[in-house]
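Working through the structure, step by step
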Amino acid sequence: AFSRSRYPFGEGELFYTSDACGKIGPWQMLFSVSGFYGKARGIWDDTGTNQTTSRNATSTRFHDKDVDAWGLAFKTFIPIIPEKKGNKAGALSLSGQAFATQNPSWYIPSDFAANPYQRRDGSYAAPLLVGGWGQVTYFFTDKLFISGWYGNMAYKLSHRYQTANTGAIQSEQQYIVNLSYDVNPAMRFGIEYDRVNTRYGWYNNGLDRSGSLNSVRVGAWYFF
């Protein structure tokens, strides 16, 4: 309810795809640029309280302000070594995405009293989120393949926001490697190792601002 707009968000994608470099399974060379744009509306009263939680002051003046929200992404898939005669053994691919976004609606806090993200004039100190990921996949056989994945994203948080929200994520790195085996066209098994390094907002008490997670996952997929 705190994010309102006169207009819906618009989004679009422009892409080029071709099998000139061959294919790996159903995937072929792809280059794409996509994005979205819209307006998010904040509503507040003279006391600075966001109107998600305060609606009972009948004599209070209310204000609203539209804020730009946008995102832009570039993605690609390149079959460096394509499959041969329908057999993916020895095939190698590179894929990835780079993106930037500001004021995505899921990151705008709803309550000014509890969060200084919204200024008293109704504008938002929205951070710029930038990042991307890249993945290399190699097929040992037509059914057995391995993928290595690296991702990085960072919020350009202000000093004020960091000090008020010490648990907010400032940046994150992900390292992933998985091994998958297609038993048949309908069944796949896989095992994966993940490492995630996270950096949090500012700490005034000298605590470590970084954290890490290591995990191993085992999965099974059935394709209907």
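Structure shown above.
The paragraphs below set out a description of the structure included in this document. Given the structure is predicted, the values throughout are model-derived calculations rather than measurements.

From N to C terminus, the chain includes one helix and nine strands. Counting from the amino terminus, the chain carries its helices and strands in the arrangement β-β-β-β-β-β-α-β-β-β. For the chain, the residues scored as buried account for 34% of the 224 residues in total.

Glancing now at the layout of surface pockets. Of the volumes computed, that of the largest pocket is approximately 650 Å³. Lining the largest pocket are 30 residues, with Trp27, Gln135, Thr137, Phe145 and Ser147 positioned closest to its centre. Breaking the lining of the largest pocket down by element, the ones donating at least two residues are strand S2 (27-45), strand S3 (62-81), strand S4 (92-102), strand S5 (128-139), strand S6 (144-155), strand S7 (169-184), strand S8 (187-200) and strand S9 (210-222). Considering only enclosed or pocket space, the second largest pocket measures out at about 240 Å³ in volume. In terms of lining, the second largest pocket is formed by Lys88, Phe139, Asp142, Lys143, Phe145, Asp182, Asn184, Pro185, Arg188 and Phe223. Each residue belonging to the lining of the second largest pocket can be placed in one class, and the counts come to four nonpolar, one polar and five charged.

A surface patch of nonpolar side chains, about 730 Å² in accessible area, is lined by Tyr138, Phe140, Val177, Leu179, Ile191, Tyr193, Val216 and Val218. Counting only elements with at least two residues in the nonpolar patch, the list comes to S7, S8 and S9. Note on placement: Val218 falls in strand S9.

All told, the structure shown has five salt bridges when counted by the stated rule. Here Arg188 ties to Asp182 by a salt bridge, and the two come within 2.5 Å at their closest N and O atoms. On the accessibility criterion, Asp182 (13% relative accessible area) is buried. Where Glu192 meets Arg217, a salt bridge forms, and the shortest distance between an N and an O atom there is 3.7 Å. Here Arg217 lies in strand S9 and Glu192 lies in strand S8, a separation of 25 residues in the sequence. Several salt bridges converge on common partners, so that one network encompasses Glu192, Asp194 and Arg217.

Inspection of the secondary structure puts Asn165 in the loop between helix H1 (159-164) and S7. Under the relative-accessibility criterion, Asn165 is labelled buried at 16%. In the structure, Asn165 is positioned 36 residues away from Gly201 in sequence and 6.4 Å away in space, judged by C-alpha atoms.

Bringing the environment of Phe74 into the picture now. With respect to the element layout, Phe74 can be found in strand S3. Considering only alpha carbons, one finds Phe74 and Gly132, 58 residues apart in sequence, at a separation of 9.1 Å.

Before going further, it helps to spend a moment on the environment of Trp221. Position of Trp221 relative to the elements: it lies in strand S9. Judged by its relative accessible area of 40%, Trp221 is partly exposed. In this structure, the C-alpha to C-alpha distance between Trp221 and Asp182, residues 39 residues apart in sequence, is 9.3 Å. Those residues in contact with Trp221 that sit more than four places away from it in its chain are Ala186, Met187, Arg188, Phe189 and Gly190.

This next bit is on the nonpolar core. Membership of the largest hydrophobic core is limited to five residues, which are Leu129, Tyr155, Leu157, Tyr161 and Ala168. Apart from the residues lying within four places of it in its own chain, the contact partners of Leu129 are Phe99, Ala100, Thr101, Met153, Ala154 and Tyr155.

In this structure the tally under the stated criterion is seven aromatic pairs. Summarising the aromatic geometry, the rings of Trp27 and Phe77 are spaced 6.3 Å apart at their centres and angled 45 degrees between planes, so their arrangement reads as tilted. Pair noted here: Trp27 is in strand S2 and Phe77 is in strand S3, with a separation of 50 residues, a long-range link. According to the relative accessible area criterion, Phe77 is buried, its value standing at 13%.

Positionally, Thr101 belongs in strand S4. A distance of 2.7 Å separates a polar atom in the side chain of Thr101 from the backbone oxygen of Trp70. Setting aside its immediate chain neighbours within four residues, Thr101 contacts Phe36, Trp70, Gly71, Pro127, Leu128 and Leu129.

The rules we used
Numbering of residues starts from 1 in every chain and runs along the sequence as written. The predicted origin of the model limits local features to residues at a pLDDT of at least 70 and limits the giving and counting of side-chain atom pairs to 80 or more, whereas totals for whole chains, interfaces and linings rest on all residues. Only heavy atoms go into the side-chain values, all of them from the structure, while hydrogens and water stay out. Going along the chain from the N terminus, every DSSP run of H or I of four or more residues is numbered as a helix, and every run of E of two or more is numbered as a strand. Burial classification: accessible surface area is computed with a 1.4 Å probe over protein chains only, and a residue below 20% of its type maximum counts as buried, one above 50% as exposed, and the rest as partly exposed. Here a cavity is any set of points on a 1 Å grid over the protein atoms alone where a 1.4 Å probe fits but cannot get out, and a pocket is any open set with protein on both sides within 12 Å along at least 5 of 7 lines; a residue lines the site when it has an atom within 4 Å of a point. Grid points are joined across faces, edges and corners, and a volume is the space filled by probe spheres set on the points. In this classification, the charged set is Asp, Glu, Lys and Arg, the nonpolar set is Ala, Val, Leu, Ile, Met, Phe, Trp, Tyr, Cys and Pro, and all remaining amino acids, among them Gly, are polar. Residues enter patches when they are more than 30% accessible in relative terms and free of salt bridges; like-charged ones are connected within 9 Å and nonpolar ones (Val, Leu, Ile, Met, Phe, Trp, Tyr) within 5 Å. Each accessible area is a Shrake-Rupley estimate made with a 1.4 Å probe; only the visible protein chains count as cover when residues are assessed. Throughout this description, the term salt bridge denotes a Lys or Arg side-chain nitrogen within 4 Å of a carboxyl oxygen of Asp or Glu. In this description, contact between two residues means that some pair of their heavy atoms is separated by no more than 4.5 Å. Among buried residues, the Ala, Val, Leu, Ile, Met, Phe, Trp, Tyr and Cys ones that are joined through side-chain atoms within 4.5 Å form a nonpolar core. For this analysis, a ring pair means two rings from Phe, Tyr or Trp (six-membered ring only for Trp) whose centres lie within 6.5 Å, classed as stacked if their planes differ by under 30 degrees, edge-to-face if by over 60, and tilted for the remaining angles. Two N or O atoms count as a polar contact when they lie within 3.5 Å, although within protein this holds only if one can serve as hydrogen donor and the other as acceptor, and sequence-adjacent residues are included solely when both atoms are side-chain atoms.

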